[in-house]
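Chain by chain, the residues:
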Amino acid sequence: MLTACASGTAPTVVQPQARPIIPEALLIPCPALPDAKDGKLGTLLQNHVDVVHAYHTCARRHGDLSDVARRLSEGPGGAP
């Protein structure tokens, strides 16, 4: 009796991987920086505060998106 075809490895079943979810808030483009309304010192100072706030908000969002992208590229076991 020949049983050569019966021996061997079992077929491998490939499970579909879930599509990664990136939070929508991380996909929002950075807004344009505001311009000063006039050349008065108070207006320029307020504009500077507004620009710094917009920059840091965008930088934080970009950093969070970079963290998500890094985790996705590492794969399920944490290794690339």
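Residues numbered from 1 in each chain as written. Predicted model: local features only at pLDDT ≥ 70, side-chain atom pairs only at ≥ 80, totals over all residues. Heavy atoms only, no water.

**Student:** Looking at this structure, I do not really get the environment of P23. What am I missing?
**Tutor:** Positionally, P23 belongs in the segment before α1 (41-74). A relative accessible area of 40% places P23 in the partly exposed class. Each C-alpha atom, one on P23 and one on L65, is 8.6 Å from the other, the two residues being 42 residues apart in sequence. (Helix = DSSP H or I, 4+ residues; strand = E, 2+ residues; numbered from the N terminus. Buried < 20%, exposed > 50% of the residue type's maximum accessible area, 1.4 Å probe, protein only.)

**Student:** Looking at this structure, I do not really get the pattern of salt bridges. What am I missing?
**Tutor:** Close approach of charged atoms allows side chains of opposite charge to pair. With the rule as written, the count across this model stands at one salt bridge. Between R70 and D67 there is a salt bridge whose closest N-O contact spans 3.0 Å. One end of the pair, R70, and the other, D67, are both in helix α1, three residues apart, so they sit about a helical turn from each other. Overall, the relative accessible area of 35% leaves D67 in the partly exposed class. (Salt bridge = Lys/Arg side-chain N within 4 Å of Asp/Glu carboxyl O.)

**Student:** Would you mind going over α1 with me for this structure?
**Tutor:** Each full turn of the α-helix corresponds to 3.6 residues, which orients residues three or four apart in the same direction. The end-to-end C-alpha separation of α1 is 49 Å, in line with the 50 Å expected for 34 residues at 1.5 Å each. What α1 keeps buried is the set N47, A54, C58, R61 and V68. One or two steps after α1, the chain reaches G75, where phi turns positive at roughly 85°. (Expected span 1.5 Å × (residues − 1).)

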